[in-house]
Amino acid sequence: MSAEAHTSTEYIKHHLQNLTYGQHADGSWGIAQTAQEAKDMGFMAINLDTMGFSILLGAFFLFFFHKVAKSAATGVPGGLQNFVEWIVEFVDSSVKGSFTARNPMVAPLALTIFIWIFLMNLMDLVPIDWIPGLASAMGLPFMKIVASTDPNATFGMSLTVFALVIYYSIKMKGLGGFVGELTLQPFGKWGMPANLLLEGVNLIAKPVSLALRLFGNMYAGEMIFILIAIMFSGGAVLALTGGVLQWAWAVFHILIITLQAFIFMTLTIVYLDMAHQEHH
Amino acid sequence: MNINMTLIGQSITFAIFVWFCMKFVWPPIVSALETRKKQIADGLAAADRGKHELELAARRASETMHEAKLKAVDIIAQAEKRAIQIVEEAKGVAKDEGDRMIAAAKAEIGQESHRAREALRGEVAALVVAGAAKVLRREVDASAHAVLLDAIKNEL
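Remember, it's a predicted structure, so these values are computed and weren't measured experimentally. (Residues numbered from 1 in each chain as written. Chains lettered and ligands numbered in written order. Predicted model: local features only at pLDDT ≥ 70, side-chain atom pairs only at ≥ 80, totals over all residues. Heavy atoms only, no water.)

### Things to note about the overall build of chain A
Within chain A one finds nine helices and three strands. Listing every helix and strand of chain A by position from the N terminus yields α-β-β-α-β-α-α-α-α-α-α-α. Expressed as lengths along the three principal axes of its C-alpha atoms, the size of chain A is roughly 65 × 55 × 40 Å. Within chain A, the fraction of its 280 residues that count as buried is 48%. The long-range share in chain A, meaning contacts at least 24 apart out of those at least 6 apart in sequence, stands at 68%. Total accessible area on chain A stands at roughly 13500 Å², and carbon and sulfur atoms take up 72% of it. (Helix = DSSP H or I, 4+ residues; strand = E, 2+ residues; numbered from the N terminus. Buried < 20%, exposed > 50% of the residue type's maximum accessible area, 1.4 Å probe, protein only. Contact = heavy atoms within 4.5 Å. Areas by Shrake-Rupley, 256 points an atom, 1.4 Å probe, with all protein chains shown as cover.)

### Quick notes on the environment of Ala275 of chain A
All names here are of chain A. Tracing the backbone shows Ala275 in helix H9 (residues 236-276). The exposure class assigned to Ala275 is buried, which follows from its relative accessible area of 2%. Taking the C-alpha atoms as reference, Ala275 lies 27 Å from Leu62; in sequence the two are 213 residues apart. If sequence neighbours within four positions are ignored, Ala275 has contacts with Val165, Tyr168, Ser169, Met172 and Lys173.

### Considering the interface of chain A and chain B
The partner chain B presents 29 residues to the 55 residues of chain A that form the contact. Between chain A and chain B lies a buried interface of about 3700 Å² when both sides are counted; carbon and sulfur atoms form 73% of it. The largest share of the area that chain A buries against chain B comes from Phe43, Thr74 and Asn152 of chain A, three residues that together contribute 18% of it. Our count for the chain A to chain B interface comes out at one salt bridge. Linking chain A with chain B are ten residue pairs in polar contact (both at pLDDT 80 or more). Contributions of two or more residues to the side of chain A that touches chain B are made by helix H2 (35-40), strand E3 (45-47), helix H3 (48-70), helix H4 (79-98), helix H5 (106-122), helix H7 (151-183) and helix H8 (192-231) of chain A. No other element matches the eleven residues that H3 of chain A contributes to the side of chain A that touches chain B. Partitioned by chemical class, the residues of the side of chain A that touches chain B number 35 nonpolar, 15 polar and five charged. (Buried area = accessible area lost by both parts, 1.4 Å probe. Salt bridge = Lys/Arg side-chain N within 4 Å of Asp/Glu carboxyl O. Polar contact = N/O pair within 3.5 Å; in protein donor to acceptor, adjacent residues only side chain to side chain. Nonpolar A, V, L, I, M, F, W, Y, C, P; charged D, E, K, R; others polar.)

### Some points on H7 of chain A
Residue and element names in this part refer to chain A. Over its 33 residues, H7 runs only 31 Å from end to end, short of the ideal 48 Å by more than 12%, given 1.5 Å per residue. The largest bend along H7 measures about 110° and falls at Gly174. Sitting at the amino-terminal end of H7 is Asp150, which places a side-chain oxygen 3.0 Å from the backbone nitrogen of Asn152. (Expected span 1.5 Å × (residues − 1). Bend = angle between axes of the 7 residues up to and from the residue.)

### So, the pairing of strand E1 (residues 20-23) of chain A
All names here are of chain A. Sheet analysis places E1 next to E3, joined by three bridges and oriented antiparallel. Looking at E3, one finds that Gly22 is bridged to Ala45. Looking at chain direction, E1 and strand E2 (residues 29-31) are connected through three bridges and run antiparallel. Its bridge partner being in E2, Gln23 is matched across the sheet by Trp29. With antiparallel pairing between neighbouring strands as the criterion, E1 and E2 make up a hairpin whose turn holds five residues, including Gly27 at a positive phi of roughly 100°. (Pairing = 2+ DSSP bridges.)

### Focus on the packing of H5 of chain A against H7 of chain A
All names here are of chain A. The interhelical angle for the contact between H5 and H7, taken along N-to-C directions, is 170°, at an axis separation of 12 Å. Comparing the axis directions of H5 and H7 gives the class roughly antiparallel. Contact residues: H5 offers Leu109, Ile113, Trp116, Ile117 and Met120, while H7 offers Met157, Val161 and Leu164. Of the residues contributing to the contact of H5 with H7, the split by class is eight nonpolar, no polar and no charged. (Axes fitted to C-alpha atoms, helices over the stretch in contact; angles between N-to-C directions. Parallel < 35°, antiparallel > 145°, perpendicular 65-115°, else oblique.)

### Let's talk about the side chain of Thr50 of chain A
Looking at the element boundaries, Thr50 of chain A is found in helix H3. In terms of polar contacts, Thr50 of chain A uses its side chain to reach the side chain of Asn18 of chain A, at 3.1 Å. Beyond its immediate chain neighbours, meaning those up to four positions away, Thr50 of chain A contacts Asn18, Ala147, Asp150 and Ala153 of chain A together with Thr6 and Gln10 of chain B.

### Digging into the nonpolar core
Considering soluble globular proteins, one finds that nonpolar side chains tend to be buried as a cluster. Counting residues in each nonpolar core, the largest one holds 58 residues, and the members touching the most others are Phe65, Val88, Val91, Leu111 and Ile113 of chain A. Of all the elements in the fold, those that place two or more residues in this core are H3, H4, H5, H7, H8 and H9 of chain A together with helix H1 (6-135) of chain B. Residue contributions to this core peak at twelve residues, all from H5 of chain A. Here Val91 of chain A is in contact with Ala107, Ala110, Leu111, Phe114 and Met265 of chain A together with Trp26 of chain B, once residues within four sequence places are set aside. Counting 14 residues, the second largest nonpolar core, distinct from the first, contains Phe215, Tyr219, Ile228 and Ile256 of chain A. (Core = buried A, V, L, I, M, F, W, Y, C linked by side-chain atoms within 4.5 Å.)

### Section: the packing of aromatic side chains
Residues and elements named next belong to chain A. According to the stated counting rule, one finds 15 aromatic pairs over all chains in the structure shown. Taking 5.5 Å as the distance between ring centres and 55° as the angle between the ring planes, the aromatic pair formed by Phe90 and Phe114 counts as tilted. Remark: Phe114 occurs in helix H5 and Phe90 occurs in helix H4; sequence separation between them is 24 residues. The class of Phe114 is buried, set by a relative accessible area of 9%. Taken together, Phe60, Phe61, Phe64 and Phe65 form an aromatic cluster joined through their ring pairs. (Phe/Tyr/Trp six-rings, centres within 6.5 Å; stacked < 30°, edge-to-face > 60°.)

These figures come from the coordinates and say nothing about function on their own.
Next up, the structure:
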């Protein structure tokens, strides 16, 4: 991890590489030791760090909330229950504000998205060399702890949401209604190719924008942390400046990670609401 | 930054998390919230009702107190009237009693004086007879003149 051993470029690249498990070029299975090896593994490979941290955080969230839910008392709530209820009410009011149809799945979906993304983003505030340093001491070449800086994670979520949007569009409007929505507006049936193009872009833009917005924000934030961390090896004055900058960026980043989680949740609710609505 | 199987793994993980949240996390918390909301609403309504009842009770209490006060004034007035009446009655009774006692005393005095007069009369008659007897020792025969002497005694 020490910056003296790497050039700045290597340091940055090292921090942006996932711990990938897959089939090497020679046919054996294992962890990719370099970025090139990871790239060569192609699609049949898995990012162990993204999966590990996201599952760990999601399990933590569900365990924590489930514990409160099991002992949820109707009397005077304790501190932990208050906290959980505060979040649940916040999500519930967001859903009630944007989602007009009735679907018992949307609110839990929104809650899961909000907390899970928030927790994944929160890992960004852990000083960036701690856990990768620990991992390299254990012999793992890479360790990227912020799962939401991995497009696999953000696209995984947004594509699931997209699948739900299509499922509910077809369920609510029928296959004909859904196809009609794609082809018969805004120009009527004689403008069908143009309609399909416009509505198709509109439809595809939903999951892409969801995933890329979150990924882009978190990736950029992580990049700035990395750049600030490079300053630590540039002498006392630069290191001190770096420390101040890191603190300032971390404080600002708290806002960003919450906002990104909230945006993802709200847009999911809005997209699902649109899927439930009849236009004709 | 390569797209790989992680994408599918993340989708599955996400779906499982959402399912778990929908099944085991969201419903109990929301139902607890709803129940508490209802309890609080009920409690507030009960408090309102209690307040209203308290107001009514206070009003009733003040009315009762007012009535009681009026009644008390009435009773006092009646009692005063009655007291005056009793005093008056007692005065009358006492006066009667006194009159009666005076009359009785007067009657007794009359009787006593009558008796004394009777006794005196007897004694005077005896004295007269004795005097006359001394004067008329020889000439008057008690037995011969008893009828006369008795007539004189009765006249005295």
